[in-house]
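A structural walkthrough
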Amino acid sequence: MSGRVLCLIGAGHAHLGVIDAIRKRGLPARRIVLVEPRAAMQYSGMVPGWMAGEYRIEETQIPLAPLVAEAGLEWHREEAVAICAGEKTVTLANGRRIGFDIASLAIGGAGRAAKLLGSDERLLDIRPIDGFVAGWDALRSRAGAIGTIAVIGGGAGGAELAFGTANDPTFDARVTLITGKGGLLPGMSAMVRSRARSAYERQNIRVIEGEARLEDGRLMVGEAALDPPDLILAALGSDAPEWPGCCGLPVDAEGFVEVDEHQRLCGFPYIFAAGDVAHRTDRNVPHSGVHAVYAGPVLARNLRAALQGRPPRGIYRGRAMDLYILNTGRGEAILSYGPLGLQGRWLRRVKDWLDRRWIARFTTPAA
């Protein structure tokens, strides 16, 4: 057994894969520490379905306590606020410092809606996802006062968010999706975009293709001011958390920590990072939950090698054609895979099976 200490900072999707590997096969470390303030991790892929009344919130979350107990981790229910790479210590919000030999970050990204659009009390960012869920649930108590909702962001996250919003049984609101300058579902095929537009039309969801901004309390698209919405939801991608860059860790121009092909921080081979917090310097890996999920097992192999004093070999290469299944909130789903664009109730059942299987991976005791 190695005498080394491994510190996992955050329980993001990539680290869930690492914890799963620990409870099933172990890792050669004297001590494994988890720093994560939340009691359960929210799976973002099921949130639009939860909004549409298809799931209870408990079905979309992964409780950490059983995983931590089964993996034998030392869990600190605090937020990390700093890393001193030279001293190999992590500082927690309560002031405690934890030493490590190998560390890994999977703390997710931050919301950037206010930065891109402007500050507004009506604005609710989908990131961080647990904050969005709490905010949306609180809004249900005054749903009768919300007659118009604008959803900003035409990527896969915004597209599903618009469907989930329109199908929440608590609300009776007119929904408008504002896509941004890239248009609806950029990077997906014309067939997928056509099917999505048809679904929006059937559900009376208005789609406006253009760049949104907040200006003196008005929601603008180009030079036109829209009728004032009662609520603005934003799915505009991930921003970098501030503290890693403030600690002197290598970050790119946007503040994401820079890692090599083995997920090691550039210049610090004993610190790893994966998921939304990280920027791969060798290739473009988008900030998306699906990539964090698939990077997890590779990260676990590389952490094992590092703990054993061996150079890591695993490389998460991404996928040439990302598979997306978009929940329309009405018992159907739209599949996007390369040039393919399929739609049907059977695809909604496939998505439900895949999502539940992923949750069950972490909520079912390991054999």
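Basis of the calculations
- Residues numbered from 1 in each chain as written.
- Predicted model: local features only at pLDDT ≥ 70, side-chain atom pairs only at ≥ 80, totals over all residues.
- Heavy atoms only, no water.
- Axes fitted to C-alpha atoms, helices over the stretch in contact; angles between N-to-C directions.
- Helix = DSSP H or I, 4+ residues; strand = E, 2+ residues; numbered from the N terminus.
- Parallel < 35°, antiparallel > 145°, perpendicular 65-115°, else oblique.
- Contact = heavy atoms within 4.5 Å.
- Nonpolar A, V, L, I, M, F, W, Y, C, P; charged D, E, K, R; others polar.
- Pairing = 2+ DSSP bridges.
- Buried < 20%, exposed > 50% of the residue type's maximum accessible area, 1.4 Å probe, protein only.

The next subject is the packing of helix α1 (residues 13-25) against helix α10 (residues 345-363). The packing of two helices is summarised by the inter-axis angle and the distance between the axes. Where α1 contacts α10, the two axes come as close as 10 Å, and the packing angle between them is 50°. Considering their axes alone, α1 and α10 lie oblique with respect to each other. Residues H13, L16, G17, D20 and R23 of α1 form the contact with α10, whose participating residues are W358, R361 and F362. Its residues assigned to classes, the contact of α1 with α10 comprises three nonpolar, two polar and three charged.

What follows is about the sheet that holds strand β23 (residues 333-337). Pairing in this open sheet of three strands is antiparallel, and the strands run β22-β23-β24 from one edge to the other. For this open sheet the edge positions go to β22 (323-327) and β24 (340-344), each flanked by a neighbour on one side alone. Going across the sheet, the axis of each strand differs from the next one's by a mean of 15°, ignoring polarity. In terms of strand pairing, β22 meets β23 through five bridges, oriented antiparallel. Directly across from Y324, in β23, lies its bridge partner S336. Contacts from helix α7 (residues 190-202) reach β23 and β24 within the one sheet, and its direction differs from that of β24 by about 30°.

With that settled, consider unusual backbone geometry. Residue R127 is joined to P128 through a cis peptide bond whose omega torsion reads -5°. For P128, the location among the structural elements is in the loop between β10 (123-125) and α5 (129-139). At L185, a position not held by glycine, the phi torsion is positive, near 50°. Position of L185 among the secondary structure elements: in the loop between β12 (174-178) and α7. One non-glycine residue, N204, adopts positive backbone phi at about 60°. With respect to the element layout, N204 can be found in the loop between α7 and β13 (206-208). N204 gets classed as exposed once you look at its relative accessible area, which sits at 68%.

Honestly, that's just the spatial picture; any functional story needs more than this.
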